[in-house]
Every structure is written in C-alpha cells, then in structure tokens.
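Per-entry structural report
Each chain is listed here by its residues.
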Amino acid sequence: MPQKGFPRQLRLLNAGDFSHVFEQADLKVHGKGMMALVRLSTRGYPRLGLVVSKKNVKRAVDRNRFKRLVRESVRLRQDHLPSVDIVVLARRGVQDIDNDTLHRQLHGMWKRLQRDAQAVIAAPMPERDT
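Residues numbered from 1 in each chain as written. Predicted model: local features only at pLDDT ≥ 70, side-chain atom pairs only at ≥ 80, totals over all residues. Heavy atoms only, no water.

Considering the nonpolar core
Worth spelling out the cut-off: In plain words, nonpolar cores are sets of buried Ala, Val, Leu, Ile, Met, Phe, Trp, Tyr and Cys residues tied together by side-chain atoms within 4.5 Å. Only protein chains enter the accessibility calculation, which uses a 1.4 Å probe. A residue is then buried if its area is under 20% of the maximum for its type, exposed if over 50%, and partly exposed in between. A helix here means a DSSP run of H or I that spans at least four residues, while a strand means a run of E at least two residues long, and both kinds are numbered starting from the N terminus. In what follows, residue pairs with any heavy atoms lying within 4.5 Å of each other are defined as contacts.
Counting residues in hydrophobic clusters, the biggest one holds 29 residues, and the most contacted among them are L48, F66, I86, V88, L102 and W110. Of all the secondary structure elements, the ones that give two or more residues to this core are β1 (27-31), β2 (34-40), β3 (47-51), α2 (60-77), β4 (84-90) and α3 (99-122). Sorting elements by how many residues they give to this core places α3 first, with six residues. In this structure, W110 is in contact with S73, V74, R77, L81, I86 and V88, ignoring residues within four places of it in sequence.

Here it is in structure tokens:
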C-alpha cells in the first residue's frame, strides 16, 4: 500500500526553494481563485509550497482552510503527480469558493499539470543553469 502521508520532504520549506520556482517556472496552471507555478525536478516526487497573502485572503480561518485543502489534495494525488516543485498562489476571492468546488478546481489543475508536464518532458529542453 503506498504511503499517503505528507512528510517534510514533500514540502518547499525555505525561501531558496520558493525562489527557485518563482524565477524559472516551467509551467503555470490556473484555477478559479488560484494559480500554480511549476518547476520540473529530478527528485522523483512532487513538492508543494503555498503562498496565501493576507492582502488577498483577509481572515486567518480562510487562509488556513485553503492551505489545508490544497495540502490534502496533493497528499491524496502525490503518487500521480510528476516530479515537480509546485507553488500554489491564492488569489482574491478564493475564500468565497466552497470546499466541493475547490476540490474540483484542484483536481482539474492536477490533471492539467500532469498533461502539460508530460508535454514539457517530451519536448527537448534548452540548456539552463540549475
């Protein structure tokens, strides 16, 4: 049975990890009220980082609910996601989306991410600094 936890190795933990994705994102995947920046990785597993600003989502309870639902979505789909670093950014209005709609949005985003990542992996990559 595959491991379904969410250990530290599946998280972007420091500013360097986040800036690595922000500076050279390979993919952008949009959803209602959110966007994911994706950078291909060679680790063999996906890693997740979350950016939920107080400017976009005022109440702490709404920020925490969004983060909890995104983490849970990635935790359940970690075996299906490619080896990437993902930063999910919350946009204004994400607090108005109910949990079921948010789950559907995330599911659609992960499917698009898988498809787009396969296309990027299949295409010849230009040389770049890592």
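Here the narrative resumes.
Topic: the environment of K67
Mapped onto the elements of the fold, K67 is located in helix α2. Between the C-alpha atom of K67 and that of V51, which follows or precedes it by 16 residues, the distance is 8.7 Å. Setting aside residues no more than four positions away along its own chain, K67 makes contact with L50 and V52.

Some points on the sheet that holds β1
Quick reminder of the rule: For two strands to be treated as a pair, DSSP must find at least two bridges joining them. Orientation is described by lines fitted to C-alpha atoms, with helices fitted over the stretch in contact, and by angles between N-to-C directions that extend from 0 to 180 degrees.
Strand order in the open sheet formed by four strands is β1-β2-β4-β3, and the pairing between neighbours is mixed. Only two strands of the sheet have a single partner each, and these edge strands are β1 and β3. For this sheet the average axis-to-axis angle between neighbouring strands, irrespective of direction, equals 20°. Pairing of β3 with β4 involves five bridges; the strand directions are parallel. Directly across from L50, in β4, lies its bridge partner V88. With respect to the sheet, helix α1 (residues 15-23) is in contact with β2, β3 and β4, its orientation differing from that of β4 by roughly 85°.

Digging into the side chain of D85
To be explicit about the condition: Nitrogen and oxygen atoms within 3.5 Å of one another constitute a polar contact, given that in protein one can donate a hydrogen and the other can accept it, and given that sequence-neighbouring residues count only through two side-chain atoms.
Mapped onto the fold, D85 is located in strand β4. By relative accessible area, which is 2% here, D85 ends up buried. Of note is the side chain of D85, whose polar atom sits 3.0 Å from the side chain of R47. For D85, the residues in contact, after removing those within four places along its chain, are L12, H20, V21, L37, V38, R39, S41, R43 and R47.

A look at the pairing of β2
The side chains of a regular strand alternate between the sheet's two faces. By the criterion of burial, β2 is predominantly enclosed, with seven of the seven residues buried. Across the two faces of β2 the burial is the same, with M34, A36, V38 and L40 and M35, L37 and R39 all buried. Hairpin remark: β1 followed by β2, antiparallel, with two residues in the connecting loop; positive phi at G33, about 80°. Examined bridge by bridge, β2 and β4 share seven bridges and lie antiparallel to one another. Of the residues in β4, the one forming a bridge with V38 is I86.

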